[in-house]
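Single-letter residue listing:
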Amino acid sequence: MILVLFLFAVLSFVFTYLRYFEILEKQDSLQQNDIKNIKNLIDKSIKDTSYFYLNRALANLNSQGVLNALENEDAITLISLSKTRFDVLKKENAYLKSMFFISKKLEKIAFLGENLRLDFKIHNGDFYGFFVSGDNLYFLVNANAIKNGENLGSLMFVVDAKFILSVFNTSKVIDGKIILDSSKIAQNRTLKPYIFDLLTLNKKAKIYLTYDNTKNDSELLNVIYSNFFIVVTLFILVFFILNYGFNVLIKRLELANEQLKESENLLQHTNQNLEDKIKQEIAIRMAKESENLEKERILIHQSKLASMGEMIGNIAHQWKQPLTELNAIFIKLGFLNEVKKLEKQDIDNELEKCEKLVVFMSKTIDDFRHFFVKDKFKEHYCINEYIKNSLKLITSALKHNGIKCKVISQEEVFVIGYPREFAQVILNILSNAKDALVQRGIQNPQITIKIFEKDNKAHIEIQDNAGGIETCPVQKVFEPYFTTKHASNGTGIGLYMSKIIIEKNAQGILAVRNYQNGAIFEIIL
């Protein structure tokens, strides 16, 4: 019996060995075909995306006013005319990240979406390709703007390169990733990696796909099992012979096993009940947390919109006087030209004045743009300096309404925190004070800012003479959507977000109280 079993085992091994390599060869052929199809899918996805955004770019460039705004490098007009199209494209494709307008000098003029770093040399002409920005890979499509044979610049769409992974809808693909560092590719025995190189504008990237090989492994195992079936059967006969001798021992083991199973079932039932209770509690807490996060997200979005409205109003006040002066210069030049007394010296002098006014207006835009940049890290900053920066943005509005603002400080005070968030809080409080003074028609309106240190902490007090807050208790003004302004002027989230910034982000205190002539907002950091 041993000799027969041995010979049969040898023959089974030889047959199984040959069958094993036959199946491997078949699987390799199928995998090569899969690789070819995947490469075709990638190429088609890249071409389709390129043609799609190239057509959209040309359509936007041919829209009314866009070419003129690009030629004049008018960022505000470009953004205004293109925002609706960008929003529509963003809804159509969630992978769309940015839309850039490039001047004929190959410099960025304006953008919509994310302001990504373009770490490569921009060149003229229609082109598309991949580039790396930070730790992510992006795909760009550039379309030139041509008017009367002259290159006025270009429009560039930037898409997250992950759009390539969306074309893999086969059930074999378990996971798809874009890898910039090949050392980060994880190894797994059950997964078959396919790697495709992508040539980018500044680095190399790879598409890494993992396939489910369990079906192939199962096929190989079935071959082995089928060929060893007879051997197993013969061994079972031997086992039956030995079965009688071990029958008593097996029965005892089965009895012990049944008792063990009963104990395991009881323990499993107890664990299941405990697990269900834990899951229910986690689900309830996660639902509440998600609800709170959604509410906070909505408030932050509304706060950004309100800040944007305030910013536009303040820019309008800052630009009103320079625009008036520019208009006066143009009228003067026109008059001198009509009476034929326009000299080259006059033109040079007036143009110099115009240049100074334009520089002032440009600096105003830069001040507002830098003001609303979000802080990433805590800094050691001077409170006095950032309060002055906030005042610069609202000075014109205060002067327009005849409001005097006085800053009282004997020394410079420094703290560690997020300076731009602090400046936004100051701007919110000053804007509310200005609105209260204007709304109530106060005679000799005035805002006073006091800066001092007490008990190793920075104190800022902002008081007005608008008559105080009529709400009781006054701390209610920090609640979301609560406002004392007219419905068309107030959103009720400015002071709420200010309190969150000071108390949650800066671990400080923001409070308000009334005094004889008005209200005092106090910040302690």
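For clarity, every value in this text was computed on a predicted model and none was experimentally measured.

(A) Structural context of the overall build of the chain. Secondary structure assignment for the chain yields 9 helices and 15 strands. Long-range contacts, defined as pairs at least 24 residues apart, comprise 65% of the intrachain contacts of the chain with a sequence gap of at least 6. As displayed, the chain offers around 33700 Å² of accessible surface, 56% of which is attributable to carbon and sulfur atoms.

(B) View of unusual backbone geometry. Cis geometry marks the peptide bond from cysteine 472 to proline 473, where omega comes out at -5°. Positionally, proline 473 belongs in the loop between β13 (457-464) and α9 (494-505). At leucine 106, a position not held by glycine, the phi torsion is positive, near 65°. One can find leucine 106 in the loop between β1 (96-103) and β2 (108-113). One non-glycine residue, asparagine 444, adopts positive backbone phi at about 55°. Counting through the fold element by element, asparagine 444 comes out in the loop between α8 (419-440) and β12 (446-454). Classification of asparagine 444 by relative accessible area gives exposed; the value is 68%.

(C) Up close: the sheet that holds strand β4 (residues 136-147). Taken in spatial order, the 5 strands of this open sheet run β2-β1-β5-β4-β3, and their pairing is antiparallel. Two strands bound the open sheet, and with one partner strand each, they are β2 and β3 (127-133). Direction aside, the axes of adjacent strands within the sheet are offset by 25° on average.

(D) Highlighting α9. Here α9 is 12 residues long and its end C-alpha atoms lie 15 Å apart, about the 16 Å a rise of 1.5 Å per residue gives. The set of residues buried in α9 consists of Leu495, Tyr496, Met497, Ser498, Ile500, Ile501 and Ile502. Among the residues trailing α9, glutamine 507 stands out with phi positive, at a value near 50°.

(E) Layout of the environment of asparagine 389. Looking at the secondary structure, you find asparagine 389 in helix α7 (residues 383-400). Along the backbone, asparagine 389 and arginine 420 are 31 residues apart, and their C-alpha atoms lie at a distance of 9.7 Å.

(F) Seen up close, the environment of valine 477. Position of valine 477 among the secondary structure elements: in the loop between β13 and α9. Valine 477 sits in the buried class, given a relative accessible area of 8%. Along the chain, valine 477 and glycine 494 lie 17 residues apart, while their C-alpha atoms are 9.6 Å from each other.

(G) Region of the structure containing the pairing of β3. A large share of β3 lies buried, amounting to 6 of its 7 residues. Inspection of the sheet shows β3 paired to β4 by 7 bridges, in the antiparallel sense. Directly across from phenylalanine 127, in β4, lies its bridge partner asparagine 142. Counting the residues that bridge the hairpin from β3 to β4 gives 2 residues, and of these glycine 134 lies at a positive phi of roughly 70°.

(H) Representation of the nonpolar core in the model. Among the nonpolar cores identified, the biggest contains 40 residues, and Ile383, Ile387 and Ile460 are the most heavily contacted of them. Elements supplying a minimum of two residues to this core: α7, α8, β12, β13, α9, β14 (509-514) and β15 (519-524). The greatest single-element share of this core, amounting to 9 residues, is contributed by α8. With residues up to four places along the chain from it excluded, the contact list for isoleucine 383 reads Val413, Val415, Phe422, Ile451, Ala458, Ile460 and Leu525.

(I) Looking closely at the sheet that holds β13. In space, the 5 strands of this open sheet follow the order β10-β12-β13-β15-β14, with mixed pairing throughout. Edge positions in the sheet fall to β10 (404-409) and β14, since each of these pairs with one other strand and no more. Here the average twist between neighbouring strands, direction ignored, is 15°. Sheet strands touched by α7: β10, β12 and β13. Its angle to β12, the strand with the most contacts, is close to 175°.

(J) Main features of the packing of α8 against α9. At a closest axis distance of 10 Å, the pairing of α8 and α9 adopts a crossing angle of 145°. Both α8 and α9 take part in a crossing whose hand is left-handed. Residue-level inspection shows Glu421, Val425, Asn428, Ile429 and Asn432 of α8 in contact with α9, the latter providing Gly494, Leu495, Ser498, Ile501, Ile502 and Asn505. Taken together, the residues of the contact of α8 with α9 break down into 5 nonpolar, 5 polar and 1 charged.

(K) Representation of the pattern of salt bridges. Applying the stated criterion to the full structure yields 11 salt bridges. For lysine 104, the salt bridge goes to glutamate 150, with nearest N and O atoms at 3.8 Å. Of the two residues, lysine 104 is situated in the loop between β1 and β2 and glutamate 150 in strand β5 (residues 150-160); the sequence distance between them amounts to 46 residues. Residue lysine 104 is classed as partly exposed on the basis of its relative accessible area, which comes to 46%.

(L) Spotlight on the packing of aromatic side chains. Under the definition given, this model contains 10 aromatic pairs. Seen from their ring centres, tyrosine 381 and tyrosine 386 are 5.5 Å apart, and the 80° between their planes marks the pair as edge-to-face. We note that tyrosine 381, like tyrosine 386, is buried. Seen from their ring centres, tyrosine 381 and phenylalanine 422 are 5.9 Å apart, and the 45° between their planes marks the pair as tilted. Of this pair, tyrosine 381 sits in strand β9 (residues 379-382) while phenylalanine 422 sits in helix α8; the two residues are 41 residues apart in sequence, bridging distant segments of the chain. Each residue in the set Tyr128, Phe130, Phe139 and Phe163 is aromatic and connected to the rest through ring pairs, giving one cluster.

Reading the values: rules and limits
Residues numbered from 1 in each chain as written. Predicted model: local features only at pLDDT ≥ 70, side-chain atom pairs only at ≥ 80, totals over all residues. Heavy atoms only, no water. Helix = DSSP H or I, 4+ residues; strand = E, 2+ residues; numbered from the N terminus. Contact = heavy atoms within 4.5 Å. Areas by Shrake-Rupley, 256 points an atom, 1.4 Å probe, with all protein chains shown as cover. Buried < 20%, exposed > 50% of the residue type's maximum accessible area, 1.4 Å probe, protein only. Pairing = 2+ DSSP bridges. Axes fitted to C-alpha atoms, helices over the stretch in contact; angles between N-to-C directions. Expected span 1.5 Å × (residues − 1). Core = buried A, V, L, I, M, F, W, Y, C linked by side-chain atoms within 4.5 Å. Left-handed = near helix turned anticlockwise from the far one by under 90°. Nonpolar A, V, L, I, M, F, W, Y, C, P; charged D, E, K, R; others polar. Salt bridge = Lys/Arg side-chain N within 4 Å of Asp/Glu carboxyl O. Phe/Tyr/Trp six-rings, centres within 6.5 Å; stacked < 30°, edge-to-face > 60°.

Honestly, that's just the spatial picture; any functional story needs more than this.
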